[in-house]
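The residues making up each chain are set out below.
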Amino acid sequence: MPQLRTESNHPDLKNTPSSAYKMAMTTNDEKWMHIALKQAQKAFEMDEVPIGAVLVDADETWNTAACNEVITQQDATAHAEIMALRKAGQIMANYRLLNSTLYVTVEPCVMCMGALIHARIKRVVFGAKDPKWGAAGSLYDFSQDSRFNHQIEVTSGILETSCRTLMQTFFKERRSR
């Protein structure tokens, strides 16, 4: 199974200061979040709540992209995060997706964080916080709850303005109908 690259074992970042490693992570985080935003736009066009997700393994040898399909699938569990997990599980022929990172435009809810913990996702990167449903630090923080047998590293605020604006535009348009 591929090992998550860290500052100490990443071949391009050996003997570099911590800030250089963080800059490389942020640039990569933005790259994948842009793809998640494209998925969120796809959901918007489908009249679904515009949330997009991309799940990437540690070496970026595979990735899955998905958007919310709750209405389309008539399935309350068809959140972007769950859809990305399902696709990745098929690729890996395993529900455990060790050392992978999920990029999602909005903070995962309780259901999605539970699924991410079960899948043993290493890291979650999200754009906009969700004060009503968020379970990665806003309303709840499942990511670091030591009562669970797995903790998830969380990075928030990546392309936050774009992610939040898309959600606000969607709900503003919906209310005006």
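Presented here is an overview of the structure given in this document. (Residues numbered from 1 in each chain as written. Predicted model: local features only at pLDDT ≥ 70, side-chain atom pairs only at ≥ 80, totals over all residues. Heavy atoms only, no water.)

Secondary structure assignment for the protein chain yields 5 helices and 5 strands. If you list the helices and strands of the protein chain from N to C, you get α-β-β-α-α-β-α-β-β-α. Per-residue burial for the protein chain yields a buried fraction of 44% across its 177 residues. In the protein chain, the share of contacts with a sequence separation of at least 24, taken over all contacts with a separation of at least 6, comes to 58%. Summed over all atoms, the accessible surface of the protein chain reaches about 9,400 Å², with 52% contributed by carbon and sulfur. (Helix = DSSP H or I, 4+ residues; strand = E, 2+ residues; numbered from the N terminus. Buried < 20%, exposed > 50% of the residue type's maximum accessible area, 1.4 Å probe, protein only. Contact = heavy atoms within 4.5 Å. Areas by Shrake-Rupley, 256 points an atom, 1.4 Å probe, with all protein chains shown as cover.)

Taken together, 5 strands build an open sheet; the order of strands is β2-β1-β3-β4-β5 and the sheet is mixed. Unpaired on one side and paired on the other, β2 (63-67) and β5 (153-156) mark the two borders of the sheet. On average, adjacent strands in this sheet sit at an angle of 15 degrees to one another, irrespective of strand direction. Both strand β4 (residues 123-128) and β5 contribute to a ladder of 4 bridges, which runs parallel. (Pairing = 2+ DSSP bridges. Axes fitted to C-alpha atoms, helices over the stretch in contact; angles between N-to-C directions.)

A full pass over the atoms with the stated rule returns 5 aromatic pairs. Both rings, one in Y140 and one in F142, keep their centres 6.0 Å apart while their planes meet at 50 degrees; by these two values the pair is tilted. The class for Y140 is partly exposed, based on a relative accessible area of 43%. Here the aromatic cluster, defined as three or more aromatic residues joined through ring pairs, consists of F44, F170 and F171. (Phe/Tyr/Trp six-rings, centres within 6.5 Å; stacked < 30°, edge-to-face > 60°.)

In the case of a regular strand, side chains alternate between the two sheet surfaces. The element β4 is extensively covered by neighbouring structure, given that 6 of its 6 residues are classed as buried. Bridge count for strand β3 (residues 101-106) against β4 is 5 bridges, and the pairing is parallel. Across the sheet, the residue bridging to V106 is A128, located in β4. With helix α4 (residues 110-118) bridging β3 and its parallel neighbour β4, the resulting β-α-β unit is right-handed. (Right-handed = clockwise from strand over helix to strand, strands pointing away.)

Applying the stated criterion to the full structure yields 7 salt bridges. Across the salt bridge formed by D75 and R86, the nearest N and O atoms sit 3.7 Å from each other. Residue D75 is located in the loop between α2 (70-73) and α3 (80-92), and its partner R86 is located in helix α3; the two are separated by 11 residues in the primary sequence. A relative accessible area of 23% places D75 in the partly exposed class. Overall, R86 belongs to the partly exposed group, its relative accessible area being 40%. In this structure, R147 and D145 form a salt bridge, with 2.6 Å as the shortest nitrogen-oxygen distance. For R147, a relative accessible area of 73% puts it in the exposed group. A single salt-bridge network, built from bridges that share partners, covers D29, R123 and E153. (Salt bridge = Lys/Arg side-chain N within 4 Å of Asp/Glu carboxyl O.)

Let us look at α4. Residues three or four positions apart in an α-helix share a direction because the helix packs 3.6 residues into each turn. Residues of α4 that are buried: C112, M113, G114, L116 and I117. Structurally, α4 contributes buried residues whose contacts are with α3, β3 and β4. Note on α4: the residue one or two positions beyond its end, R120, has a positive phi of about 65 degrees.

Glancing now at the packing of α3 against α4. Running from amino to carboxyl end, α3 crosses α4 at an angle of 25 degrees, the nearest separation of the two axes being 9 Å. When the interaxial angle is binned, α3 and α4 end up roughly parallel. In this structure, the crossing between α3 and α4 has a hand that is left-handed. For the pair α3 and α4, contact is made by E81, I82 and L85 and by M111, C112, A115 and L116, respectively. The residue inventory of the contact of α3 with α4, partitioned by class, reads 6 nonpolar, no polar and 1 charged. (Parallel < 35°, antiparallel > 145°, perpendicular 65-115°, else oblique. Left-handed = near helix turned anticlockwise from the far one by under 90°. Nonpolar A, V, L, I, M, F, W, Y, C, P; charged D, E, K, R; others polar.)

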